[in-house]
Amino acid sequence: MAERRKSMHGEWSSRWVFIMAATGSAVGLGNIWKFPYITGENGGGAFVLLYLLCIAIIGIPIMMAEILIGRRGRQSPINTMATLAKEASHSPHWKFLGWSGVVAGFLILSYYSVIAGWALSYVFRSAGGSFDGASADEVGAIFDGLLASPESLLAWHTIFIVMTMMVVARGVRHGLEKAIRFLMPTLFMLLLILVGYALNTGAFSQGLEFLFSPDFSKLSQDSVLVAMGHAFFTLSLGMGAIMIYGSYVPHKASITGTTFYIAGADTMVALVAGMAIFPIVFANGLEPGAGPGLIFVTLPIAFGQMPGGLFFGTLFFVLIVFAAWSSAISLIEPAITWLVENKGMKRATASIGAGIVTWFVGVGTVLSFNLWSGYKLFDKTFFDLLDYLTANIMLPLGGLMIAVFAGWIMTKQATQEELHMHDHFGYRMWRFLVRYVTPLGVTVVFLNAIGVI
Ligand code: TRP
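Just so we're clear, the structure is a prediction, and the values are computed from it rather than from any experiment.

A.B. asks: I tried to follow the site of the ligand on my own but got confused; where do I start?
C.D. replies: As a structural note, the neighbourhood of the ligand is formed by 17 residues, with Ala26, Gly30, Tyr112, Phe233 and Ser236 the closest of them. The separation between a nitrogen atom of the ligand and a polar main-chain atom of Ser25 is 3.2 Å. Leu29 is positioned such that a nitrogen or oxygen atom in its backbone is 3.0 Å from an oxygen atom of the ligand. For the ligand, whose free accessible area comes to 360 Å², the fraction covered by protein is 100%. Sorting the residues of the shell around the ligand by element identifies α1 (15-26), α2 (29-41), α5 (95-127), α10 (223-234) and α14 (309-343) as the ones contributing at least two each. For the shell around the ligand, the class distribution of residues is nine nonpolar, eight polar and no charged.

A.B. asks: Looking at this model, I keep getting lost on the packing of helix α7 (residues 150-170) against α14. Mind explaining?
C.D. replies: Viewed as axis vectors pointing N to C, α7 and α14 meet at an angle of 60°, and their least axial separation amounts to 9 Å. In this view, α7 runs oblique relative to α14, as classed from their interaxial angle. Here α7 runs over α14; the crossing is right-handed. Here Phe160, Met163, Thr164, Met165, Val167 and Val168 of α7 lie close against α14, whose contacting residues are Val321, Ala324, Trp325, Ala328, Ile329, Ile332, Glu333 and Ile336. The residue inventory of the contact of α7 with α14, partitioned by class, reads twelve nonpolar, one polar and one charged.

A.B. asks: Can you walk me through the side chain of Asn42 in this structure?
C.D. replies: Position of Asn42 among the secondary structure elements: in the loop between α2 and α3 (45-73). Look at Asn42 and you get buried, because its relative accessible area is 7%. Those residues within four positions of Asn42 in sequence are excluded, and the remaining contacts are Phe47, Lys218, Leu219, Ser220, Ser223 and Val226.

A.B. asks: What's the story with the environment of Tyr375 in this structure? I'm lost.
C.D. replies: Relative to the assigned elements, Tyr375 resides in the loop between α15 (347-368) and α16 (382-409). Residue classification places Tyr375 among the exposed residues on the basis of a relative accessible area of 61%. It is 37 Å that separates the C-alpha atoms of Tyr375 and Trp94, two residues lying 281 residues apart in sequence. Leave out the neighbours within four places in its chain, and Tyr375 touches Lys380 and Thr381.

A.B. asks: Is there a simple way to think about the packing of aromatic side chains in this case?
C.D. replies: The description of two aromatic rings rests on the distance between their centres and on the angle between their planes. Tallied over the full model, the rule gives 34 aromatic pairs. On the numbers, 5.4 Å between centres and 80° between planes, the contact of Trp118 with Phe296 is edge-to-face. Separated by 178 residues along the polypeptide, Trp118 in helix α5 and Phe296 in helix α13 (residues 294-305) bring together distant segments of the chain. Both residues of the pair, Trp118 and Phe296, count as buried. Relative to Phe278, the ring of Phe210 lies with its centre 4.8 Å away and its plane at 45°, an arrangement referred to as tilted. Here the residue Phe210 occupies a position in helix α9 (residues 204-212), and Phe278 occupies one in helix α12 (residues 255-283), the gap between them amounting to 68 residues. The residue whose ring lies beneath Lys34 is Phe233, and the NZ or CZ to ring-centre distance is 4.4 Å.

A.B. asks: Where do I start with α9 in this structure?
C.D. replies: An α-helical turn contains 3.6 residues, so a residue and the one three or four places further along point in the same direction. Every buried residue of α9 is accounted for by Phe204, Gly207, Phe210 and Leu211. One side of α9 carries all its buried residues, which in axial view fall inside an arc of 130°. Opposite the buried face of α9, by more than 90 degrees, sit the exposed residues Ser205 and Glu209.

A.B. asks: Got a minute to help me understand unusual backbone geometry in this structure?
C.D. replies: Trans peptide bonds make up the majority, and among non-glycine residues the majority have a negative phi. Look at Asp379: it is not a glycine, yet its phi comes out positive at around 65°. Mapped onto the fold, Asp379 is located in the loop between α15 and α16. Despite not being glycine, His420 has its phi angle at roughly 50°, a positive value. You can see His420 is positioned in the loop between α17 (412-419) and α18 (425-449).

A.B. asks: It is not clear to me how helix α6 (residues 136-148) should be interpreted in this structure. Could you clarify?
C.D. replies: Look at α6: 18 Å from first C-alpha to last across 13 residues, which is about the 18 Å you get at 1.5 Å a residue. For α6, the full list of buried residues reads Val139, Gly140, Ile142, Phe143, Leu146 and Leu147. Buried positions in α6, seen along its axis, are confined to an arc of 160° and lie on one side of it. Turned more than 90 degrees from where α6 packs its buried face, Asp137 and Ala148 sit exposed. Along its buried surface, α6 packs onto α5, α7 and α13.

A.B. asks: Is there a simple way to think about the pattern of salt bridges in this case?
C.D. replies: Per the counting criterion, the structure on display carries eight salt bridges. Arg5 serves as the salt-bridge partner of Glu87, at 2.7 Å between the closest nitrogen and oxygen. Of the two residues, Glu87 sits in helix α4 (residues 77-87) while Arg5 sits in the segment before α1, which places them 82 residues apart along the sequence. By relative accessible area, Arg5 is classed as partly exposed at 27%. One network of salt bridges, in which partners are shared, links Arg5, Arg71, Arg72, Glu87, Glu417 and Glu418.

A.B. asks: Just to check I follow, could you spell out the nonpolar core for this structure?
C.D. replies: Looking at soluble globular proteins, one finds that nonpolar side chains tend to be buried together. Within the largest apolar cluster, 164 residues are counted, with the highest numbers of intra-cluster contacts made by Ile69, Trp118, Phe296 and Phe316. When neighbours within four sequence positions are excluded, Ile69 is seen to be in contact with Thr80, Met81, Leu84, Met243, Ile402, Phe405, Ala406 and Met410.

A.B. asks: Just to check I follow, could you spell out the environment of Val102 for this structure?
C.D. replies: Position of Val102 relative to the elements: it lies in helix α5. According to the relative accessible area criterion, Val102 is buried, its value standing at 9%. When the C-alpha positions of Val102 and Glu333 are compared, they lie 8.8 Å apart, and in sequence the two are 231 residues distant. What Val102 contacts, discounting residues up to four positions off in sequence, is Ile78, Met239, Pro334 and Ala335.

Scoring rules and cut-offs
- Residues numbered from 1 in each chain as written.
- Predicted model: local features only at pLDDT ≥ 70, side-chain atom pairs only at ≥ 80, totals over all residues.
- Heavy atoms only, no water.
- Near = heavy atom within 4 Å.
- Polar contact = N/O pair within 3.5 Å; in protein donor to acceptor, adjacent residues only side chain to side chain.
- Areas by Shrake-Rupley, 256 points an atom, 1.4 Å probe, with all protein chains shown as cover.
- Helix = DSSP H or I, 4+ residues; strand = E, 2+ residues; numbered from the N terminus.
- Nonpolar A, V, L, I, M, F, W, Y, C, P; charged D, E, K, R; others polar.
- Axes fitted to C-alpha atoms, helices over the stretch in contact; angles between N-to-C directions.
- Parallel < 35°, antiparallel > 145°, perpendicular 65-115°, else oblique.
- Left-handed = near helix turned anticlockwise from the far one by under 90°.
- Contact = heavy atoms within 4.5 Å.
- Buried < 20%, exposed > 50% of the residue type's maximum accessible area, 1.4 Å probe, protein only.
- Phe/Tyr/Trp six-rings, centres within 6.5 Å; stacked < 30°, edge-to-face > 60°.
- Lys NZ or Arg CZ within 6 Å of the ring centre and 35° of its normal.
- Arc of directions from axis to C-beta.
- Expected span 1.5 Å × (residues − 1).
- Salt bridge = Lys/Arg side-chain N within 4 Å of Asp/Glu carboxyl O.
- Core = buried A, V, L, I, M, F, W, Y, C linked by side-chain atoms within 4.5 Å.

Here's what the structure looks like:
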């Protein structure tokens with residue numbers, strides 16, 4: 001390519017910074033909060049196996065595709081899709097894909113922020129000693145009390161939205177970049193400390209068996225779809241977050257190596273979180289299928305009993321907040337860049353606008369845990385519906401289209417150029433995956449979920 005595009009929003013200073021930022025986006029509530037509770041709800045090992053399979057054959061190829069599309073287009077996902085489609089002599093309507101990503105980002109952030117708010121409130125609970133020596137029942141009562149109070153949930157949700165928009169307004173690069181650098185390794189260390197605690201609960205092997213020994217009879221009709229949806233969710237795929245981060249990647253950085261690093265780190269964090277949580281669940285006679293509150297009713301028991309638990313517990317929830325923070329900014333970045341590019345807004349103005357919209361949608365999630373908990377559609381509350389619609393439908397559909405775009409619309413020459421690969425085995429394998437395996441895989445899972453196959 002004669003001249004390369006440049007992003008008007010800047011570039012990461014190195015490949016390493018991109019890895020940190022993308023890992024910061026990927027590692028979040030999805031790993032520590034969502035993975036354990038959906039694994040619990042879907043019976044353990046067989047579900048984990050499906051999830052790992054989806055990461056390997058669907059997630060990794062799509063992550064490569066998203067990064068390369070982003071870097072080639074160097075604009076907001078909406079404009080990138082239009083530009084690259086035109087470049088390949090296809091309809092600029094492909095920008096629709098960027099739009100659906102922007103909508104998905106708003107919807108996900110609206111409830112993500114409410115859950116991050118739970119973690120925020122737990123920082124203060126821990127520091128104040130509420131969990132000190134608390135029994136499972138006492139911790140459960142504290143959690144139920146939090147959910148029952150729309151005012152508290154709303155206050156924490158508001159604080160988290162403001163935190164997120166403050167970083168976004170400054171630009172992702174200047175925002176969390178430095179903080180992530182030491183917070184992520186610390187989070188991982190604390191998870192290992194929790195695993196150390198779990199080793200002594202007497203239920204460690206039961207926890208491991210639950211996680212890693214597959215019993216396919218425990219899967220439900222929905223499990224395969226949930227596992228695939230979570231592979232997208234946990235890797236931040238299917239809505240343009242990784243695409244916009246990809247648009248800041250220096251040209252010489254290798255996309256393949258980077259992808260494996262991000263996906264590997266993300267998966268490790270989830271598995272280690274699972275290894276810490278399930279032994280605690282079983283040792284205390286709790287229910288693995290307890291739902292979204294799972295980590296909030298189990299981990300405090302552990303911190304309440306271990307030496308130094310006040311310190312570790314507080315630190316742990318602080319780190320979860322940071323992990324959620326660095327994920328949240330990526331959910332809204334595609335929308336912000338579009339507002340800057342097409343509406344000529346300043347980042348700060350765009351952030352305030354996006355923050356207000358997200359906050360309002362989040363009120364629905366806040367109420368779904370108390371005042372609206374009785375209102376259900378398809379047996380799901382507002383929060384359940386949003387989560388299901390985004391993670392299990394919008395992200396896989398977006399991912400499917402991204403794979404089709406990279407495999408069928410973009411020229412071979414363009415993708416080879418971005419991946420720095422010629423016609424050798426790695427490239428052919430990737431192209432085979434995005435052209436056939438990934439689109440087919442997603443379609444089969446969808447058909448399976450609606451009972452056709
Ligand atoms: N991956 C993050 C987590 O696991 C959440 C997230 C950030 C996300 N950006 C995303 C999910 C984009 C889907 C799409 O917590």
